[in-house]
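Single-letter residue listing:
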Amino acid sequence: MDDEKRNPGVDPYDVIVVGAGVIGLSVAWCAARKGLAVCVVERSEPGAGASSVAAGMLAPVGEASFGEEALLELSLASHAIWPEFSENLSAATGLETGFLLLGALHVAFDGDEAAEMQRKGDLHERLGLDSSWLSPDRCRELEPRLAPNLVGGLYVPGDSAADPRQLVTALQAALHSEGVEIVSNTVPSGCGFGDSGVTLEIPDGAPLLAKRMVLAAGAWSGDPESAWLPEALRAEVRPVKGQIVELAAEPPHSHPVAERIVCGERFYAVPRSDGSLVIGATVEEKGFDTGITAGAVHELLREGYRALPDLAELRFVGARAGLRPATPDNAPLLGSNPIEPRLLYATGHFRNGILLAPVTGEVIASLLVDEEPDLQVDLDLFRPDRFIKPSDPSKAVTV
Ligand code: GLY
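Attention in this report is confined to the structure presented alongside it. Note that the coordinates shown come from a computational prediction; the quantities given were computed from them, not determined experimentally.

Next up on the list: the overall build of the protein. Assigned secondary structure in the protein consists of seven helices and 18 strands. Projecting the C-alpha coordinates of the protein onto the three principal axes gives extents of approximately 65 × 50 × 40 Å. Of all 399 residues assigned to the protein, the portion counted as buried reaches 54%. Here the contacts in the protein between residues at least 6 apart in sequence split such that 74% fall between residues at least 24 apart. Side chains of the protein carry 32 positive and 58 negative charges; the gap between the two charge centres is 3 Å.

With that settled, consider the sheet that holds strand S14 (residues 268–271). Pairing within the open sheet is mixed, and its eight strands lie in the order S5-S6-S4-S13-S14-S15-S12-S16. Each having just a single partner strand, strand S5 (132–134) and strand S16 (315–326) make up the two edges of the open sheet. Adjacent strand axes in the sheet meet at a mean angle of 25 degrees when their direction is disregarded. In terms of strand pairing, S14 meets strand S15 (residues 277–280) through four bridges, oriented antiparallel.

Moving on, we get to the packing of helix H1 (residues 22–33) against helix H2 (residues 69–93). When two helices pack together, their arrangement is given by the angle between the helix axes and by the axis-to-axis distance. For the pair H1 and H2, interaxial distance at closest approach is 13 Å and the crossing angle is 70 degrees. Relative to H2, H1 is oriented roughly perpendicular. Touching Ser 26, Trp 29 and Arg 33 of H1 are Phe 85, Asn 88, Leu 89 and Ala 92, all from H2. Taken together, the residues that form the contact of H1 with H2 break down as four nonpolar, two polar and one charged.

What follows deals with the pairing of strand S11 (residues 208–215). Here S11 lies mainly inside the structure; seven of its eight residues are buried. Bridge count for strand S1 (residues 13–18) against S11 is five bridges, and the pairing is parallel. Paired with Val 17 across the two strands is Val 214, which belongs to S11. Across three bridges, strand S10 (residues 197–201) lies against S11 in antiparallel orientation. Looking across to S11, one finds that Thr 199 is bridged to Leu 209. Connecting S10 to the next strand, S11, in antiparallel fashion are six residues, including Asp 204 with a positive phi near 55 degrees.

Here helix H5 (residues 164–177) spans 20 Å end to end across 14 residues, near enough to the 20 Å set by a 1.5 Å rise per residue. Those residues of H5 lying buried are Pro 164, Leu 167, Val 168, Ala 170, Leu 171, Ala 174 and Leu 175. At the N-terminal boundary of H5, the capping side chain belongs to Asp 163, with an oxygen 3.0 Å from the backbone nitrogen of Arg 165. Just past H5, the residue Gly 179 takes up positive phi, approximately 80 degrees.

Turning our attention to the site of the ligand. Taken together, Glu 63, Tyr 268, Ala 281, Arg 324 and Arg 351 make up the full set of residues adjacent to the ligand. Tyr 268 is positioned with one of its side-chain polar atoms (N or O) 2.6 Å from an oxygen atom of the ligand. Measuring from an oxygen atom of the ligand, one finds a side-chain N or O atom of Arg 324 at 2.7 Å. Burial of the ligand by the protein amounts to 88% of the accessible area it has alone, namely 200 Å². Here the residues of the shell around the ligand sort into two nonpolar, no polar and three charged.

Calculation criteria
- Residues numbered from 1 in each chain as written.
- Predicted model: local features only at pLDDT ≥ 70, side-chain atom pairs only at ≥ 80, totals over all residues.
- Heavy atoms only, no water.
- Helix = DSSP H or I, 4+ residues; strand = E, 2+ residues; numbered from the N terminus.
- Buried < 20%, exposed > 50% of the residue type's maximum accessible area, 1.4 Å probe, protein only.
- Contact = heavy atoms within 4.5 Å.
- Lys, Arg positive; Asp, Glu negative; His and termini not counted.
- Charge placed at Lys NZ, Arg CZ, Asp CG, Glu CD.
- Pairing = 2+ DSSP bridges.
- Axes fitted to C-alpha atoms, helices over the stretch in contact; angles between N-to-C directions.
- Parallel < 35°, antiparallel > 145°, perpendicular 65-115°, else oblique.
- Nonpolar A, V, L, I, M, F, W, Y, C, P; charged D, E, K, R; others polar.
- Expected span 1.5 Å × (residues − 1).
- Polar contact = N/O pair within 3.5 Å; in protein donor to acceptor, adjacent residues only side chain to side chain.
- Near = heavy atom within 4 Å.
- Areas by Shrake-Rupley, 256 points an atom, 1.4 Å probe, with all protein chains shown as cover.

This is the structure in structure tokens:
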């Protein structure tokens, strides 16, 4: 239906997406491209949450962790379609996503750090992932501005990066050209599920109606203060704070401090094509606090400087803090609620929201049109109800 002819409170959308971070926007774009009428509701401005703080590392191999094989499979699947996702988005909008096939170098400055990275290299070998241990000389051939006292590094040639803020802008433009409405600065005031579908109450307006709803509200997906969603349907997601520092080359595009992503034990540095650098990130259990602390800025700059001393010459642009949506097993919640199938979840992406945006968009859009997702990964591993124990009566779903 043409949006101009839509009668609020009467004409239903096919789907309402709650949350306009990269996940919600990607779901909305993929759903709209399948011909669905979509509305996105955002508590603030699109991308204002974790998306505008994320450094944009697309690092399925470098970020692979022991015991997270299911997440690794999903991450590799999404990384494989990232170039096509970016090209399609650029073709639809004429805008860039900042996608760059950079490769990553994980550098060690003492024996302990080297041992830890070599254990990571062993994990990669066991899982058939591409990485190799390099001598200090070889590291400095790749990245000549690394500090001379490094003892070696783990090279991960396939990891890449995108610019999340460019991505948000491009996704918004793509949604605009698909006729998708984004209702910003709106926290829903209630919702109901009935025979005719979903009703989302919003303050100061007619309720929004849809056949289905997708919860893509990031760290707010499980917020007990978001009483608009019945407690039993809130996602098992908690906020995990991350602070980053942004540095810019002066003049832009002057000789970059690093050509690749450079990671240490307590930091990572992601270069942009204009020579600027994002250094991240703290991992803090501080609830919904987004304050920027001197200690975090000091620590990120100290660790970055230890590896790349020339970053001291860059201009300090600022620091940001955001909230990662974390789940108990660090993997996202994808799919419908078995008790309330009109509610789907696309949330809990923790450290991997930018990386997992393409696969999440494709999977959820397929489910919305009742198609089998084209994915070689078992989606059951990401079931949204996987943390609810049958014996836990407080989590029994009554809607
Ligand atoms: N993906 C890196 C982070 O969350 O800090």
